[in-house]
Amino acid sequence: METSQPDQANEEPTINDKTEDEPPAKKSKVAEEALKKIEAEKQRKEKEKTDAEEKSKNDRKKEHDKFWKAVKDDPTDFTGWTQLLQFVDGKNELEAGREAFNAFLNRYPYCYGYWKKFADFEKRNGTPERVLEVFDQGTTAIPLSADLWIHYMNHCKTARKDEAAFIRSQYERAMSECGREWRSDKLWDHYVKWEMEGKNYPEVFQLYQRIVKNPTQALSRNFEAFKGFLKEHNPKDLMDTVDFLELRKDVINGMKSESSKDDDATGNKDNDAAPGEDTETEMKSAEETQSIREKIMFNAKKSYKEAEERVNLRLKYEDGIKRPYFHVKPLERGQLKNWNEYLEFMKKEMEKEGGDITEVEILYERSLIACALYEEFWINYISWWETRDGENTTKIRNIYRRACNNHLPTKVDMHSSWAAFEEIQGDFDEASVILENLEKSHPELISLLLKRINLERRRGNGEKACELYETSIKAAPNKSTASDLTVKYARFLRLHQMNTAKASQVIKTAMESDTANPKLYLQQVDLLLNTTPMDVQAVVAVLDNALEQEIPEKHKLLFSQRKVEFLEDFGLDIAALQTARTKHVEITNTYKDAVAKEKSEEPGKPNSADEGKENKNGNSNGSAASYPPVTNSSSYTAQQTQAYNNYGSRYANYPQNYGQYYGGGAGGGGGGGGGSGY
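Model, not experiment: these values are computed from the prediction.

(A) Representation of the packing of aromatic side chains. Evaluation of the coordinates by the stated rule reveals 31 aromatic pairs. Measuring from ring centre to ring centre gives 4.9 Å for Phe101 and Phe118, while their planes differ by 5°; the resulting arrangement is stacked. Residue Phe101 is found in helix H4 (residues 94–107), and its partner Phe118 is found in helix H5 (residues 112–125); the two are separated by 17 residues along the sequence. Grouping residues by exposure puts Phe101 and Phe118 together as buried. Here Phe566 and Phe570 contribute two aromatic rings whose centre-to-centre distance is 5.2 Å and whose plane-to-plane angle is 40°, an arrangement assigned as tilted. Placement of both Phe566 and Phe570 in helix H26 (residues 553–570) is noted, with a separation of four residues, approximately one turn of the helix. Each member of the pair Phe566 and Phe570 is classed as buried. One aromatic cluster is present, built from ring pairs that chain together Trp68, Phe78, Trp81, Phe104, Tyr108, Tyr114 and Phe326. One cation-aromatic arrangement involves Lys66 over Phe67; the distance from NZ or CZ to the ring centre is 5.1 Å. Between Arg388 and the ring centre of Trp385, over which it is positioned, the NZ or CZ distance is 4.3 Å.

(B) Looking closely at the packing of helix H8 (residues 164–178) against helix H9 (residues 185–197). Direction vectors running N to C along H8 and H9 enclose 160°, while the axes themselves pass 11 Å from each other. Classed by the angle they form, the pair H8 and H9 counts as roughly antiparallel. For the pair H8 and H9, the sense of crossing is left-handed. Contacts between H8 and H9 involve Ala164, Ile167, Arg168, Tyr171, Glu172, Ala174, Met175 and Cys178 on the former and, on the latter, Leu187, Trp188, His190, Tyr191, Trp194 and Glu195. Here the contact of H8 with H9 is built from residues that sort into 10 nonpolar, one polar and three charged.

(C) Seen up close, a negative patch on the surface. Taken together, Asp240, Asp243, Glu246 and Asp250 make up a surface patch of like negative charges. Note that Asp243 resides in helix H12 (residues 241–266). By relative accessible area, which is 41% here, Asp243 ends up partly exposed.

(D) Structural context of the pattern of salt bridges. Applying the stated rule across the entire model yields 41 salt bridges. Taking the shortest distance from any N to any O, the salt bridge between Asp89 and Arg124 comes out at 2.7 Å. Placement of Asp89 in helix H3 (residues 78–91) and of Arg124 in helix H5 is noted, with a sequence separation of 35 residues between them. Sharing partners across several salt bridges, the network here consists of Arg180, Glu181, Arg310, Arg314, Glu318, Asp356, Glu359 and Arg366.

Definitions and cut-offs
Residues numbered from 1 in each chain as written. Predicted model: local features only at pLDDT ≥ 70, side-chain atom pairs only at ≥ 80, totals over all residues. Heavy atoms only, no water. Phe/Tyr/Trp six-rings, centres within 6.5 Å; stacked < 30°, edge-to-face > 60°. Helix = DSSP H or I, 4+ residues; strand = E, 2+ residues; numbered from the N terminus. Buried < 20%, exposed > 50% of the residue type's maximum accessible area, 1.4 Å probe, protein only. Lys NZ or Arg CZ within 6 Å of the ring centre and 35° of its normal. Axes fitted to C-alpha atoms, helices over the stretch in contact; angles between N-to-C directions. Parallel < 35°, antiparallel > 145°, perpendicular 65-115°, else oblique. Left-handed = near helix turned anticlockwise from the far one by under 90°. Contact = heavy atoms within 4.5 Å. Nonpolar A, V, L, I, M, F, W, Y, C, P; charged D, E, K, R; others polar. Patch = residues over 30% accessible without salt bridge, like charges linked within 9 Å, V, L, I, M, F, W, Y side chains within 5 Å. Areas by Shrake-Rupley, 256 points an atom, 1.4 Å probe, with all protein chains shown as cover. Salt bridge = Lys/Arg side-chain N within 4 Å of Asp/Glu carboxyl O. Lys, Arg positive; Asp, Glu negative; His and termini not counted. Charge placed at Lys NZ, Arg CZ, Asp CG, Glu CD.

So this is what it looks like as structure tokens:
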């Protein structure tokens, strides 16, 4: 009986069979949903990654901004700068790092260690060309830094190790800039070591001959090193053939002369060796070589002794230098004194016959590294260059730029001196820019603004001068300052622009906001007195207006006296003059009472109101017609000045101290007329 087999056709379909049997549209939908889930998961992970990166970036930016804010709020915060540089150096973000390093080194270019850090930063993140640019900027900014030059030379030897000619040229460049610095011995050692490694012994020989002439800190050690080197090498392998043969000839002649003397003494005329026996020849050759060495060292020792004398002259001052590098911390007073004395000593020594004035320049540059924040050293250096012969304009300008743009960006005297220097050279635009930049650092200093105005006046740019006056008056911090500037502006308009009408209008406008300022009224009087024909009533009106203001009694006394004197000389109405005199007596008595009251409150002091009641002849000074002497405005016309002189002489015996009550006697009176007193 056959086992019945299940009918395959009737079996239940499997899941796979179901899938295969599903319609194509349904299969496509499932696959699409699966792909969507995969894509969504992928996007979610990418978003998480992006968000994390964005958060990290924002956190870094916040921290970066925090460090920047510290140095922007206080550019002199050296610690803040170092924290910023440490942050950007660690993050290795190229643009942020460059911005920070450039800003810091523009302000503190003598920090050679940060030039090294900047170069290393560019090695990691920038290009080889950019690395060389940084080194070039650094060695230009502080060419006397042996450490920076060594760092640069190490880079050259690594980046261009097969280019001996280039490396040697850069060593020579370093020596021309830094080779005479007191502590440059390590740079010379670096150069010698490189030549020794290449077995370039003739070059080493030449270097040592230069080194022993150089008055540096390790001069004696260098001389001993030269002697050791020469013992180990035959001179003929070190010297140029022509030089060697010439030296050998001198040595042989000397040896023959000595030998001849010995032969004469011993009677030995035949010293020729037998054929094949050359021991004596070899001995002579060794003796000759030793004699050449001794001759070389004899000449070198002469140079060494000269250099040693120069070292000994300077040693006392060099030992006194405790901080030869730059730092923002103040130097001790003794250190500053030592630098100044050292400079004065070297200037005197180098002016002597045989002196090298370049030594003074090198010393000045060294002093500026340690004393960069002390204005006096920059000014002294410039003064020294100004006394030297030749065309030194470019050098002086470069010193001013270094001082003002980098080390002393807010020093008023330094910038003012620079602006004056550029103006003398005829560069008015540069002088104007210097003063304008300085004014941004000191907006409160009116003197700087006046320097700019007078610069424009001297160059004949009246329009710009007027613009600056008007801008400054509007921006004045208070009414008093605005009035002072207005008075100067009015004088400028009348005396330089010949525009009396505008000058008068400027004063009137100022009076509207500063009604109790005596200077404005006095200036207005001065303008009217210098107007032809003179308007007597207008002058009297200004004086009356001043007397009506709430001003101190001493100023009222001044205006009252001016009114009486003016009416006496130019008035046409005797009644008006008498009224003015009567009013003047009242004002005088009021003033005396005020002074007496003030003095009574200060026991032990004499009452100045009673002082000088009698003149030196014992005559009473009670007449109401007598007044303190008043000098004239420097800008009065000749006719008016003569008139004032004629009647002013009768007041010559009036007590001089009386004038102190209203502006310093005669000087105050002169100012009252609108002259130099205000």
